[in-house]
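Reading the structure
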Amino acid sequence: MSSLSFESLCLEDNKPSTILRQDLENELHTDLDLDEMNRCNETSVADIYQKACKLVGVVPVSYIIQNLNSPTMKLSHQSLGPLGCKALSIALVSDLHINTLELSDNDIRAEGAMHLAEMLRANFTIQHLDLCNNHLHSTGAEYMGKMLVDSTSLKSIKLSGNGFIDDDAKYFADALTINLGIKELDLSHNRFCGRGGEHLGFLLANNDSLEVLNLCWNQLRMKGAIALCAGLKVNRMVKHLDLSWNGFGNEGALAMGEALKFNNTLVHLNLSNNRITNEGVSMLCKGLEYNGTLQILLLAYNSLTVEGALALVNMVKNTHKTALEEINICNVLVNENFLHMLDVTCEEHPGLTVHYGGVGGFIAKKPVKRSDPMKVIQDYLDQHKLRLWDFFRNIDKDATMRVPVADFRNAVQQSSVPLDRFQIEELIQRLDRDRTGMVDYRGLADTRKQMMRNHRQQLRKVASRQKKEKHKSDRILKTFQSAVETVTPHSSVVISPGDPREEPTGPYRFSSTPLSSWHHFMSNNEHTSVSNPGRNHVHLPTPTGSRLHHFTNSPILRSHSQPNYLAASPSSAQGKLISAQAVHSNPEMRHSKIKPALDHLTKSAAALDNEQIEIEVTNKKGKKTKAKKFGEKYSNNPTVN
């Protein structure tokens, strides 16, 4: 009996779209009614999964077989691994039931992500995908990004805890400027920092569909936080944003305040545990005064005191257009003044709820700083135009400038010098350091110039500190504005549907056999045998009387599991304009060596075989601008022809 080798599974025309169209035409020629077709499909999916497990050398999971008809497939913590994920992906190529697939904590790694990405190009029923804690890393991020470019059915994807770094954020930023179907994205518990914040800011500025974004437990600080807030400023869709546990600091709070002045869609904002102090809350309140949409603000576990709590409630009290309904500062102890102000505020805003830690807080008062007694005496002498000799001549008749301590104390107390008892004793200790009982008031004259120098130096320190704080705020605002200008789209791109995209490639390859090829053979061979269950040498018997047949590449023929969305949708018309980030070019930037932003990720799905994509970039001619630091990967791209 002749057999097919493992390599022969790669058909001459082994694209998923071609093979799935073959299945479609085979099914169109059957005489089965709809119920019988559904029963056969259900049976075939279970059989395909079991055969796939034998081929890749893994044990089938009974839960998968029992729940193939369920709309939700919960497979978290099952230790599937890359091969188990491959077997599952082969079975789900033509599944029509599952719309939620949960695969968190299965150690599928980048290889499993590759198989899932290929499966999702052929499956149009899965809408929610959970791949948290699967060690995908950078290679898996690349596969996920390319999958998101092609996907038309996914609405939410969770990729928390996969070890993504800064550069990986670009895969998602590029993909979601093209894919406008994703509503929820979870990238929490990763390692996004400065450049990652820039890419995510670009994503927010150029995506018009994302409504829920979770970025908690990253490292978005300083320029990363500023760039992210710059994208939020021009975003018009995100409603729920989680930025907790990022270390935003007061710099990020200042940038967030600027973003909230213009953003009119955000409803829920989580800034818990971000090292924000009372000063940062004051900056945030300046932006909230102009915001009329934010309803929930979470600021728990920041470095706030009752002063910051009072600033928040006072802002709500004085802002009539505010929509705030909930403020969470559950770790802050408040005082009676806060409770009184909260009662007054709730009379004007009855829907407001503030979660605080309890009553017992207080406003820290700095101790009253006593004036230097030597400087007080010098100022008194200058004001009355007196000399030290004139002041002490009644008690120092010998003009030695040394007087007993008791006489010195009585003379100062009887004079009109504004010194209290503690200052007088301090002055005596400084003029009689050796405790001789004699005060040498020559020290007053000797220290006059030094005191004046110290006073001027102290004033310079205060002025310098204030100048530095103002300069820092101005620099943050300038950087924020530059980031806004960088991520804001300046031109439009014309994308016509139909160009075949390149197959996903990564730093290394795992297998060149398409999942649809496995699915095609196993779904059409009733008597499939495995001569060697190893994953490297698999032989399948050749069906008798069968021959390979290739259909013409017609856009009308689609897989039976994939509706022809492009043919049925009016939005698929040739020449449809799709908004995307393009190039802000000028004559000085013609020789840019930076790679184009529209790379191979912008090509269409593999199922669209012969249609061609036309990319046309409309460049605006404007004033000469500097290439900004936060977006040079996007704004310095050459024009795409």
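Refer to the structure printed above.
Residues numbered from 1 in each chain as written. Predicted model: local features only at pLDDT ≥ 70, side-chain atom pairs only at ≥ 80, totals over all residues. Heavy atoms only, no water.

**What to know about the overall build of the chain**
Each helix and strand counted, the chain has 22 helices and 18 strands in total. Sorting the 641 residues of the chain into buried and exposed places 50% on the buried side. Here the contacts in the chain between residues at least 6 apart in sequence split such that 85% fall between residues at least 24 apart. For the chain, the exposed surface amounts to about 31700 Å²; the carbon and sulfur share of it is 51%. (Helix = DSSP H or I, 4+ residues; strand = E, 2+ residues; numbered from the N terminus. Buried < 20%, exposed > 50% of the residue type's maximum accessible area, 1.4 Å probe, protein only. Contact = heavy atoms within 4.5 Å. Areas by Shrake-Rupley, 256 points an atom, 1.4 Å probe, with all protein chains shown as cover.)

**A short note on the pattern of salt bridges**
All told, the structure shown has eight salt bridges when counted by the stated rule. Taking the shortest distance from any N to any O, the salt bridge between aspartate 107 and arginine 109 comes out at 3.0 Å. Classification of aspartate 107 by relative accessible area gives partly exposed; the value is 28%. For arginine 109, a relative accessible area of 45% corresponds to the partly exposed category. A salt bridge links lysine 261 to glutamate 258; the nearest nitrogen and oxygen atoms lie 3.1 Å apart. Since its relative accessible area comes to 29%, lysine 261 is described here as partly exposed. On the accessibility criterion, glutamate 258 (18% relative accessible area) is buried. (Salt bridge = Lys/Arg side-chain N within 4 Å of Asp/Glu carboxyl O.)

**Points about the pairing of strand β12 (residues 353–359)**
When strand β11 (residues 326–334) meets β12, the two strands line up parallel, connected through six bridges. What sits directly across from valine 334, in β12, is valine 359. The handedness of the β11 to β12 crossover, carried by helix α13 (residues 336–348), is right-handed. (Pairing = 2+ DSSP bridges. Right-handed = clockwise from strand over helix to strand, strands pointing away.)

**Section: the packing of aromatic side chains**
Scanning the model with the defined rule gives three aromatic pairs in all. Note on tryptophan 217 and tryptophan 245: the rings are 4.4 Å apart at their centroids and 10° apart in plane angle, and the pair reads as stacked. In this pair, tryptophan 217 sits in the loop between β7 (212–214) and α9 (223–234) while tryptophan 245 sits in the loop between β8 (240–242) and α10 (249–260), placing the two residues 28 residues apart along the sequence. Ring geometry for phenylalanine 338 and tyrosine 356: centres 5.7 Å apart, planes at 80°, overall edge-to-face. Highlighted residues: phenylalanine 338 in helix α13 and tyrosine 356 in strand β12, separated in sequence by 18 residues. Above the plane of the ring of phenylalanine 262 lies lysine 233, whose end atom (NZ or CZ) is 4.1 Å from the centre. Looking at arginine 421, its charged tip hangs above the ring of phenylalanine 422, at a distance of 4.6 Å from the centre. (Phe/Tyr/Trp six-rings, centres within 6.5 Å; stacked < 30°, edge-to-face > 60°. Lys NZ or Arg CZ within 6 Å of the ring centre and 35° of its normal.)

**Details of the sheet that holds strand β5 (residues 156–158)**
Read across the sheet, eleven strands follow the order β2-β3-β4-β5-β6-β7-β8-β9-β10-β11-β12 without closing on themselves; strand pairing throughout is parallel. The sheet terminates laterally at β2 (72–74) and β12, the two strands that pair on one side only. Strand-to-strand twist of the sheet, defined as the mean angle between neighbouring strand axes without regard to direction, takes the value 5°. Both strand β10 (residues 296–298) and β11 contribute to a ladder of three bridges, which runs parallel. The partner of leucine 298 across the bridge, within β11, is asparagine 328. α13 rests against β11 and β12 of the sheet, and its axis sits at about 160° to β12. (Axes fitted to C-alpha atoms, helices over the stretch in contact; angles between N-to-C directions.)

**Quick word on α9**
Its twelve residues give α9 an end-to-end C-alpha distance of 17 Å, which sits within 8% of 16 Å, the value for a rise of 1.5 Å per residue. α9 sits mainly inside the fold: ten of its twelve residues count as buried. Taken residue by residue, α9 has Gly224, Ala225, Ile226, Ala227, Leu228, Cys229, Ala230, Gly231, Leu232 and Lys233 as its buried positions. (Expected span 1.5 Å × (residues − 1).)

**Remarks on unusual backbone geometry**
Positive phi outside glycine occurs at tryptophan 217, with the angle close to 55°. For methionine 222, which is not a glycine, the phi torsion comes out positive at approximately 50°. With relative accessibility at 43%, the residue methionine 222 sits in the partly exposed group.

**Section: the packing of helix α4 (residues 81–91) against helix α5 (residues 109–122)**
For the pair α4 and α5, the least separation of the axes is 8 Å and the interaxial angle reads 10°. Judged by the angle between their axes, α4 and α5 are roughly parallel. Note on element contacts: α5 touches α4 through Glu111, Gly112, His115, Leu116 and Met119, opposite Pro82, Leu83, Cys85, Lys86 and Ser89. Here the residues of the contact of α4 with α5 are counted per class, giving five nonpolar, three polar and two charged. (Parallel < 35°, antiparallel > 145°, perpendicular 65-115°, else oblique. Nonpolar A, V, L, I, M, F, W, Y, C, P; charged D, E, K, R; others polar.)

**With respect to the nonpolar core**
In this structure, Leu101, Met144, Met256 and Phe338 are the most contacted members of the largest nonpolar core, which totals 112 residues. Listed in part, the 19 residues of the second largest apolar core include Met374, Ile424, Leu427 and Val439. (Core = buried A, V, L, I, M, F, W, Y, C linked by side-chain atoms within 4.5 Å.)

**Describing the environment of glycine 252**
Relative to the helices and strands, glycine 252 resides in helix α10. Classification of glycine 252 by relative accessible area gives buried; the value is 0%. Residues glycine 252 and asparagine 274, spaced 22 residues apart in sequence, show a C-alpha to C-alpha distance of 8.9 Å. Beyond its immediate sequence surroundings of up to four residues, glycine 252 is in contact with Ala225 and Cys229.

**Remarks on the packing of α9 against α10**
Between α9 and α10, the least distance of the axes is 8 Å, while the angle of their chain directions is 10°. Comparing their axes, α10 and α9 come out roughly parallel. Here α9 contributes Ala225, Ile226, Cys229, Leu232 and Lys233 to the contact with α10, which in turn contributes Gly252, Ala255, Met256 and Ala259. Taken together, the residues of the contact of α9 with α10 sort by class into seven nonpolar, one polar and one charged.

**Quick word on the environment of leucine 431**
Within the element layout of this structure, leucine 431 appears in helix α17 (residues 421–431). Of the residues examined, leucine 431 reaches a relative accessible area of 10% and is grouped as buried. Note: C-alpha distance between leucine 431 and arginine 402 (29 residues apart in sequence) is 10.0 Å.

**Focus on the environment of glutamate 425**
The topology assignment puts glutamate 425 in helix α17. Of the residues examined, glutamate 425 reaches a relative accessible area of 29% and is grouped as partly exposed.

**Regarding the side chain of serine 209**
Within the secondary structure layout, serine 209 lies in the loop between α8 (194–206) and β7. By relative accessible area, serine 209 is classed as buried at 2%. Among the polar contacts listed, one links the side chain of serine 209 to the backbone oxygen of leucine 180, at a separation of 3.3 Å. Setting aside anything within four residues of it in sequence, one finds serine 209 in contact with Asn179, Leu180, Gly181, Ile182, Lys183 and Met237. (Polar contact = N/O pair within 3.5 Å; in protein donor to acceptor, adjacent residues only side chain to side chain.)

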